[in-house]
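Take a look at the letters that make up each chain.
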Amino acid sequence: MTDQEIIECWQGEDAPLLPILQAFHNRDDHITEAAIKTIAASLRIPLAELFATITFYHHFSRDLPGKNAPRVCTGNVCCLNGGTQLLESLKAEGATAMPCAGRCDDMVPVLRGDKIYVGQDADSLENRPTPLPADNPGNAEECVFRHIREEGRSQLDGYRYSGGYCALESAIMSSRKELIDLVIDSKLAGRGGAGFPTGLKWKAVNEAHGSPKSIICNADEGEPGCFKDRAIMDHDPHALIEGMTLAAYATGARRGFIYLRYEYPETEGILQRAIDEALNAGLLGNDILGKEDFHFNLQIRRGAGAYICGEEGSLLNSLEGKHPFPRNKPPFPVTHGFENLPTVVNNVETLASVANIVRKGAAWYRDLGLGEHAGTKVISLSGDIQKPGNYEIPFGFSLQTLLHDWAGGPRAGRTIQAVTMAGLSGGFLAADDLNVTLDEACIRGRGSFLGAGGIIVFDDSRDMVSAAHDAMEFFAHESCGKCFPCRIGTQRLTERLNGNDKQLSLENWQEEVDDIGSVMKATSACGLGMAAPHITESLQRYFPEAIKSHLKKN
Amino acid sequence: MIAFKDKSSGTVAGSLTIDGELIEFRDGETIYQIAERCRREVPTLCYDERLEAFGACRLCVVELEGIHNPVASCTTMADDGMVVKTKTEALEKHRKTLLEMVASENSNLDVDPLSGYASQELGQLLSRYNANNGRFAGNKSGDSNRDDKNPFILRDYDNCISCYRCVRVCAEQEGDHAINVMNRGFNTQITAEFGNDLRDSQCTFCGQCVQTCPTGALADKKALRASDLPGDISKTRSICPYCGVGCAVDILTKDDRVVGIHPAMDGPANEGALCIKGQYAFDFVHHPDRLTKPLIRQADGSFREVEWDDALQAAAAGFSKVREKYGRHAVTGIASGRAPHEAAYTMQKFIRASFGTNYIDNCSRS
Ligand SMILES: Cc1cc2nc3c(=O)[nH]c(=O)nc-3n(C[C@H](O)[C@H](O)[C@H](O)COP(=O)(O)O)c2cc1C
Ligand code: SF4
Ligand code: SF4
Ligand code: SF4
Ligand code: FES
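The shown structure was predicted, so the numbers you read here are calculated from the model rather than taken from an experiment.

Draft legend 1. Seen up close, the overall build of chain A. Each helix and strand in chain A was counted, giving 24 helices and 15 strands. In terms of overall dimensions, chain A is globule-like: its C-alpha atoms have a radius of gyration of 23 Å, near the 24 Å expected for 554 residues. Across its three principal directions, the C-alpha atoms of chain A cover 70 × 60 × 50 Å. Within chain A, the fraction of its 554 residues that count as buried is 63%. Excluding contacts between residues fewer than 6 apart, the proportion of contacts in chain A whose partners are at least 24 apart in sequence is 69%. Summing over all exposed atoms, chain A offers an accessible surface of approximately 19200 Å²; the carbon and sulfur share of this is 48%. Here chain A carries 54 positive and 73 negative side-chain charges, and the mean point of each set is 2 Å from the other.

Draft legend 2. Looking closely at the site of ligand 3. Around ligand 3 sit B:Ile153, B:Cys170, B:Asp176, B:Ile179, B:Cys203, B:Thr204, B:Phe205, B:Cys206, B:Gly207, B:Gln208 and B:Cys209, and those are all the residues in its vicinity. Split by residue class, the shell around ligand 3 holds 7 nonpolar, 3 polar and 1 charged.

Draft legend 3. Quick look at the domain arrangement of chain B. Residues and elements named next belong to chain B. Under the domain assignment used here, chain B contains domain 1 (12–87), domain 2 (108–224), domain 3 (229–290) and domain 4 (295–362). Look at where the C-alpha atoms of domain 1 and domain 2 centre, and you get two points 27 Å apart. Listed per partner, the contact involves 12 residues of domain 1 and 16 residues of domain 2. The junction of domain 1 with domain 2 conceals about 1200 Å² of combined surface from both sides, 55% of it contributed by carbon and sulfur atoms. Area buried by domain 1 at its contact with domain 2 is led by Leu 45, Arg 50 and Leu 51, which between them contribute 49% of it. If you look at where domain 1 meets domain 2, you find 0 salt bridges.

Draft legend 4. Just the interface of chain A and chain B, in detail. Contact residues are listed per partner, giving 48 residues for chain A and 45 residues for chain B. Carbon and sulfur atoms supply 59% of the area that chain A and chain B bury against each other, a total of about 3800 Å² over both sides. The three residues of chain A that bury the most area against chain B are A:Phe484, A:Arg487 and A:Arg492, which together make up 18% of that side's buried surface. Summed over the shared surface of chain A and chain B, the number is 5 salt bridges. One salt bridge in this structure joins B:Arg135 and A:Glu511, with 3.6 Å as the shortest N-O distance. Scanning the region where chain A abuts chain B turns up 23 residue pairs in polar contact (both at pLDDT 80 or more).

Draft legend 5. How the structure looks around empty space enclosed by the protein. All names here are of chain A. According to the stated counting rule, one finds 7 cavities of 30 Å³ or more in the structure shown. As a volume, the largest cavity reaches approximately 130 Å³. Contributing to the lining of the largest cavity are 19 residues, with Arg 261, Glu 263, Gly 305, Ala 306 and Tyr 307 lying nearest its centre. Along the lines of polarity and charge, the residues of the lining of the largest cavity split into 9 nonpolar, 5 polar and 5 charged.

Draft legend 6. Structural view of the packing of aromatic side chains. Residues and elements named next belong to chain B. One pass over the full model with this rule turns up 25 aromatic pairs over all chains. For the pair Tyr 242 and Phe 284, a centre-to-centre distance of 6.2 Å together with 80° between the ring planes defines the contact as edge-to-face. Residue Tyr 242 is found in the loop between β10 (233–239) and β11 (248–254), and its partner Phe 284 is found in the loop between α7 (276–280) and β13 (295–297); the two are separated by 42 residues along the sequence. A ring pair is formed by Phe 319 and Phe 350, whose centres lie 6.2 Å apart and whose planes are at 80°; its orientation type is edge-to-face. Of this pair, Phe 319 sits in helix α8 (residues 308–326) while Phe 350 sits in helix α9 (residues 341–355), placing them 31 residues apart in sequence.

Draft legend 7. Looking closely at the sheet that holds strand β2 (residues 96–98) of chain A. Residues and elements named next belong to chain A. Read across the sheet, 4 strands follow the order β2-β1-β3-β4 without closing on themselves; strand pairing throughout is mixed. The strands lining the two open edges of the sheet, one partner per strand, are β2 and β4 (115–118). The mean angle between the axes of side-by-side strands here comes to 30°, regardless of whether they run parallel or antiparallel. Of the pairings in the sheet, the one linking strand β1 (residues 71–73) to β2 comprises 3 bridges and is parallel in character. Within the sheet, the bridge partner assigned to Val 72 lies in β2 and is Ala 97.

Draft legend 8. Focus on the site of ligand 1. Residues and elements named next belong to chain A. As a matter of local geometry, ligand 1 sits amid 20 residues, with Gly 192, Asn 218, Asn 346, Asn 347 and Thr 350 nearest to it. Backbone polar atom of Gly 222 to an oxygen atom of ligand 1: 3.4 Å apart, as the coordinates give it. Here Gly 310 contributes a backbone N or O atom positioned 3.2 Å from a nitrogen atom of ligand 1. Considered on its own, ligand 1 offers 600 Å² of accessible surface; in the complex 90% of this is hidden by protein.

Draft legend 9. Representation of helix α10 (residues 228–235) of chain A. Within α10(A), 8 of the 8 residues are buried, which leaves the element mostly enclosed by the surrounding structure. Burial in α10(A) covers these residues: A:Lys228, A:Asp229, A:Arg230, A:Ala231, A:Ile232, A:Met233, A:Asp234 and A:His235.

Draft legend 10. Seen up close, the layout of surface pockets. Of the volumes computed, that of the second largest pocket is approximately 1300 Å³. Lining of the second largest pocket is provided by 38 residues; of these, A:Asn317, B:Glu52, B:Ala53, B:Phe54 and B:Glu172 occupy positions nearest its centre. Among the elements of the structure, α4 (165–174) and β7 (180–182) of chain B are those that each provide at least two residues to the lining of the second largest pocket. Taken together, the residues that form the lining of the second largest pocket break down as 15 nonpolar, 13 polar and 10 charged.

Draft legend 11. Quick peek at the nonpolar core. Residues and elements named next belong to chain A. In this structure, Leu 399, Leu 402, Val 419 and Leu 438 are the most contacted members of the largest nonpolar core, which totals 162 residues. Residue contributions to this core peak at 8 residues, all from helix α19 (residues 464–478). Among the nonpolar cores identified, the runner-up in size contains 58 residues, and Cys 217, Ile 258, Ile 300 and Ile 357 belong to it.

Draft legend 12. View of the packing of helix α20 (residues 484–497) of chain A against helix α2 (residues 89–104) of chain B. Packing of α20(A) against α2(B) leaves a shortest axis separation of 10 Å and a crossing angle of 65°. Pair α20(A) / α2(B) crosses with left-handed handedness. Contacts between α20(A) and α2(B) involve A:Phe484, A:Pro485, A:Ile488, A:Gly489 and A:Arg492 from the first element and B:Leu98, B:Met101, B:Val102 and B:Ser104 from the second. Residue composition of the contact of α20(A) with α2(B), by class: 6 nonpolar, 2 polar and 1 charged.

Reading the values: rules and limits
Residues numbered from 1 in each chain as written. Chains lettered and ligands numbered in written order. Predicted model: local features only at pLDDT ≥ 70, side-chain atom pairs only at ≥ 80, totals over all residues. Heavy atoms only, no water. Helix = DSSP H or I, 4+ residues; strand = E, 2+ residues; numbered from the N terminus. Rg over C-alpha atoms; globule rule 2.2 N^0.38 Å. Buried < 20%, exposed > 50% of the residue type's maximum accessible area, 1.4 Å probe, protein only. Contact = heavy atoms within 4.5 Å. Areas by Shrake-Rupley, 256 points an atom, 1.4 Å probe, with all protein chains shown as cover. Lys, Arg positive; Asp, Glu negative; His and termini not counted. Charge placed at Lys NZ, Arg CZ, Asp CG, Glu CD. Near = heavy atom within 4 Å. Nonpolar A, V, L, I, M, F, W, Y, C, P; charged D, E, K, R; others polar. Domains from an automatic or database assignment. Buried area = accessible area lost by both parts, 1.4 Å probe. Salt bridge = Lys/Arg side-chain N within 4 Å of Asp/Glu carboxyl O. Polar contact = N/O pair within 3.5 Å; in protein donor to acceptor, adjacent residues only side chain to side chain. 1 Å grid on protein atoms, 1.4 Å probe; cavity = no way out; pocket = protein on both sides within 12 Å on 5 of 7 lines; lining within 4 Å. Points joined across faces, edges and corners; volume = space filled by probe spheres on them. Phe/Tyr/Trp six-rings, centres within 6.5 Å; stacked < 30°, edge-to-face > 60°. Pairing = 2+ DSSP bridges. Axes fitted to C-alpha atoms, helices over the stretch in contact; angles between N-to-C directions. Core = buried A, V, L, I, M, F, W, Y, C linked by side-chain atoms within 4.5 Å. Left-handed = near helix turned anticlockwise from the far one by under 90°.

Have a look at this one:
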């Protein structure tokens, strides 16, 4: 394609910048200065701004070897399982490191162009599909994974075979309000980390003035140790599409975007095929299911490597082609979202739950949870555990049962030393504090949070200070640089954990780490900076001896 | 209660309590603006009242009753009934920690005031909070660009604290979008496209970025030439001599030497803005070639220095001669399009009344 063809292909569409950049990146293997000049002129973006925005994204190459040079995951699980060595062995091909690429259940992922290969060493690298979740080990009733293991589920026929799109068919027979009330009644809440009640979000967008409204699926899944959205999208893409279309019906939104992380290249193809199938079957597009005036235009936009673009304000700026700093809140996306118009931003898992909730009822969903907790949560379990993978648990489920009964416990001869919560954002829970139930109330009681449900296991062979260092290094790498406490704080905390701190006494070390942590938690402009100090806090709480010897080593 | 004296301009939107005092506010006011109005001295580093509030430095955080974390007062709109505290022990401690963190990433905290209008802001806050004490030592975040060859702006990013005021003033006030934020996190840098020198960018050298920089990371190269001159800096309010806009300036002098120009933030015509000429083109003042007396050309072509009276007499005589010899329409006046109203008015009066011709126009049409 010529420059002009690429530009013309996207210029009239919503959110054109990312796909244009991707197209040049694909064609030339990197984004050249000439391309940047052409794009800036065509989209009327100031040149300095476009240049700077491109540098924000980890995966956009501006030099050769570029896009097709291998990127090896050295994320927090992979670096303990051969990632670092694999990177070393691929250096001759121009390999570079990338943060957690969301394949912690099937390591080590290597991204080459638009394909993910996995393997423990250079010779065994192989392109294979995302692992399916294992059968539920406790025979617990599921919502999200209810049908995911069925043959042909990722195609429309297979999806329809077990009742797919019935929820949409029935929902449009009644009013928006009934659908919204049902979702409110089910107590479904955001599964992307913040846990905001989904029905209330939809209600706010339905009631907000301004159009066109948008539904955005947050498929950025950047949190280390989280790989549930990938499994859902790869194996049950229509569940997501049906959920988004239901959200569109409930809110009157006509535009939809799936903001997909760069590290899931094959997922884009799977989603696009499913969208095309749905379009052809009249389940997307104009007059959906023959209903007059029910239009929903769904498009995929791929990110380019930035954890912060999972934060909704940053995601919206990224979609709009702006510098992806988070936005100041309020106003919230429900009133000032995509292009400052009312917008639902929901996680993949949240949206993929909706169709089953509509089909089986609010009470059914609520009752899936244990005790007073409603519903289920997919937990991505990885690290030093026998059976890593995605497990759908009822809220309120025992962590110990998940670790030992469902996932087979630690590897032979090892014991669990600690696990993380919320991927990395919740910090660590140590072995003697694992008698918790998996629900926000309980986990928050431990000074942590469940968040998106990533749990990484560290056994007794691991150095917890170095695990904490790698975690903090991730946050420093991903801090957007907008606000002072996080931009400087993540850097200083990484330095305090890197073993090069020769001058500090234990007392001063602790005072500095505490002061930085508390200023980050209290004053950071978004959740990244607020959450990062969970790492150092929990390290200090559970592993004071390890810190002492870390400082003595110097 | 602090109520508005002048009820006419804009309706009162509500009232909130700041540090125990009930205060009225108008629609669209932020907590910070109200606090400033009531002289609370809330510290800031990323704030410039001319720019959209950005919320980067987090020094302006205040406590809001009913909300767990403090909020940035600069980006938070006032709401009726809010109860705000601007100066609790916890807030002051956070502010001090933040300032210590900022100090730790900078290589030079002793900044020459000739660097720019706002260049002392960081230094002043550090001493107010007694915060420059070497805690949090570690890597520096700057990547100096001192060898940018432009003659006006020193780019010493070793002192940069990533407040992005320069980027925002360039975009929001100037509309030039010459600079932006490259990379992210601790590695952010201020850059023109492709890392170019400013001369190879959209920069018009208006100097706005220099004047809003709170650290002297962007500094006035021309003013800094005078940093070794003895004497204190004094400021004289004046009007830029170049064009009809009439930007207010503060002329910086050491003894009787003009050493630099600051835009006047309260100048009614410019509100802190200047262009390259008003900002940097003052060297003519002390230039040896500058004419300081009128000259009259002699018969042999050489010039003779005279007093103003003689010069004006000679000019008047010349004009009269032309009119007598060739008639009143032999004279035409072309006024500078950049002259202020008053001068343009005087010019047309002069041409019409004293020569009796309507041949008067201005250069933008001729
Ligand atoms: C630093 C940061 C990263 C985030 N990353 C993601 C993400 O990758 N996926 C996601 O769904 N939500 C993420 N979130 C949460 C979103 O901001 C937002 O709350 C969520 O997408 C809303 O959807 P939900 O209500 O369905 O959970 C992130 C938040 C922060 C602060
Ligand atoms: S907390 Fe970190 S990631 Fe969030 S806005 Fe601040 S610098 Fe950016
Ligand atoms: S001098 Fe003016 S135009 Fe140049 S970068 Fe600074 S603000 Fe922008
Ligand atoms: S150069 Fe100055 S104004 Fe610009 S970001 Fe750095 S400190 Fe702020
Ligand atoms: S002035 Fe509010 S964050 Fe800087």
